[in-house]
Amino acid sequence: MSVKSLIINPGSTSTKIGVFEDETLLFEETLRHSTEEIASYASIVDQKDFRKQIILDLLKEKDFDIKSLQVVVGRGGMLKPIPGGTYAVSDALLEDLKIGVQGQHASNLGGILAREIADSIGVPSYIVDPVVVDELMPISRYSGVPELPRTSVFHALNQKAVAKRYAKEQDKAYDSLNLVVVHMGGGVSVGAHEKGKVIDVFNALDGDGAFSPERAGAVPTGALIKMCFSGKYSEKEVYKKVVGNGGFNAYVGTNDMRDVEKMVQDGDAKAAEVREAFIMQVAKNIGSMSCVLKGKVDQIIITGGIAYDKVVVAGLTERVGFIAPITVYPGEDELLALAQGALRVLNGEENALTY
């Protein structure tokens, strides 16, 4: 029997939804929210009823019978660190999403909305591989400063989805493979997947690994400290340099690799040099993670929006192709990845995990 699912992926100014029958997308929609609409709410969780109503209104507009759903899945939010997998939206998980146990973020609404809509029609609700997935081995947490341990914040949903996709295509179990997975989007994360666990990964958010279109990645520590205490910048301004205005934004004024490509084609030497530096930094990250896996790498997988850029992929292949074969899955189909997470549970391939 086929499974119909409603998938909810809230962002800061939009709510993406998709309705699937098994892995087939029936329809999807990105519901945009104006700055004024969002600003009228004191907190993220206060937006719940507003976002829920526009989802229900859209389903009604599409003449879709909500009672035909077997499951509702939300994007996981800023929960406590947890192993990867599909989690039932329990009362404990719901409460931590509401209070924002690791911070307030629009993705926290995913599980909250999924639970509320699912409960109204008597079906289960889940979240899948949130950004806080943490499977680091103990030695991966050492940074050199005990008060500043390395943390696992990365594109867990897409990294896990493409790793499992590759395993399925090879007719192998994900937990039988050693993979280096590279996600290149607004942020970049490179992870070492050893037998189904991401035992080390570069923090994609604020202070690890390669620079990206919007983020600075690892920067010289001493110089950063001097900048912080120079009196020229507030804490918020320094953080914005690292997250949001860093990377390509800082060097060439855009966070879109298509713009960078056009600059290069138009003869912009600076853009060409920045792109080559980006390729080298990502390649160094891949090399680092291959060392974590002691050189036993079955496959390197490249994914995310920048994976559409043939020059970047070719540059990476030239630098790291000696380590292992490379598979490219361009883009990031988060709605499908969330649907697949629920399907694996409903089809008995995996057990739902308890938060």
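Just above sits the structure.
The rules behind the values
- The written sequence of each chain sets the order in which its residues are numbered from 1.
- A pLDDT threshold of at least 70 governs which residues receive local features in this predicted model, and a stricter bar of 80 or more applies before side-chain atom pairs are shown or counted, although totals over entire chains, interfaces and linings include all residues.
- Only hydrogens and water are removed before side-chain values are computed, so all heavy atoms of the structure are retained for them.
- Numbering of helices and strands starts at the N terminus; helices are DSSP runs of H or I of at least 4 residues and strands are runs of E of at least 2.
- Note on contacts: a residue pair is in contact if any heavy atoms of the two residues lie within 4.5 Å.
- Each residue's exposure class comes from its accessible area (1.4 Å probe, protein chains only) as a fraction of the maximum for that residue type: buried when under 20%, exposed when over 50%, partly exposed otherwise.
- Only strands that DSSP links by at least two bridges are regarded as paired with each other.
- A carboxyl oxygen of Asp or Glu within 4 Å of a side-chain nitrogen of Lys or Arg is what we treat as a salt bridge.
- Among the buried residues, those of types Ala, Val, Leu, Ile, Met, Phe, Trp, Tyr and Cys that are joined through side-chain atoms within 4.5 Å form a nonpolar core.
- Comment: axis = line fitted to C-alpha atoms, over the contacting stretch for helices; angle = value between 0 and 180 degrees taken between N-to-C directions.

Caption draft 1: Representation of the environment of K172 within the structure. Within the secondary structure, K172 is located in the loop between α5 (156–169) and β7 (178–184). On a C-alpha basis, the gap between K172 and N351 in space is 19 Å, while along the polypeptide they are 179 residues apart. Beyond its immediate sequence surroundings of up to four residues, K172 is in contact with A167 and L177.

Caption draft 2: A look at the pairing of strand β6 (residues 125–128). Of the two faces of β6, the one lined by S125 and I127 and the one lined by Y126 and V128 are each fully buried. Relative to β6, strand β4 (residues 71–75) is paired through four bridges, and the arrangement is parallel. Residue pairing for β6: G74 is matched across the bridge by I127. Summarising the sheet, strand β5 (residues 86–88) and β6 pair through three bridges and their orientation is antiparallel.

Caption draft 3: How the structure looks around the pattern of salt bridges. The final tally for this structure, using the stated rule, is 19 salt bridges. A salt bridge links R75 to E334; its shortest N-O distance comes to 3.2 Å. Of this pair, R75 sits in strand β4 while E334 sits in helix α12 (residues 334–346); the two residues are 259 residues apart in sequence, bridging distant segments of the chain. When its relative accessible area of 12% is taken as the criterion, R75 is described as buried. Judged by its relative accessible area of 18%, E334 falls in the buried class. The salt bridge partner of R141 is D134, with a shortest N-O separation of 2.9 Å. In the salt-bridge network here, residues are joined through shared partners; they are K48, D49, K52 and E116.

Caption draft 4: Examining the nonpolar core more closely. The biggest cluster of nonpolar side chains holds 35 residues, and the ones touching the most others in it are M184, F278, I286 and I300. Tallying contributions element by element places helix α10 (residues 269–292) first for this core, with nine residues. Judged by nonpolar contacts, the second largest core, of 32 residues, contains L58, Y87, L94 and V132.

Caption draft 5: Seen up close, the sheet that holds β6. Across the sheet, six strands lie side by side as β3-β2-β1-β4-β6-β5; this open sheet has mixed pairing. This sheet does not close on itself; its edge strands, each paired only once, are β3 (24–32) and β5. In this sheet, adjacent strand axes meet at a mean angle of 25° when their direction is disregarded. The strands touched by helix α2 (residues 48–61) are β1 (4–10), β2 (14–21) and β3; relative to β2, the strand with the most contacts, the crossing angle is about 40°. Sheet strands touched by helix α4 (residues 108–121): β1, β4 and β6. Its angle to β4, the strand with the most contacts, is close to 165°.

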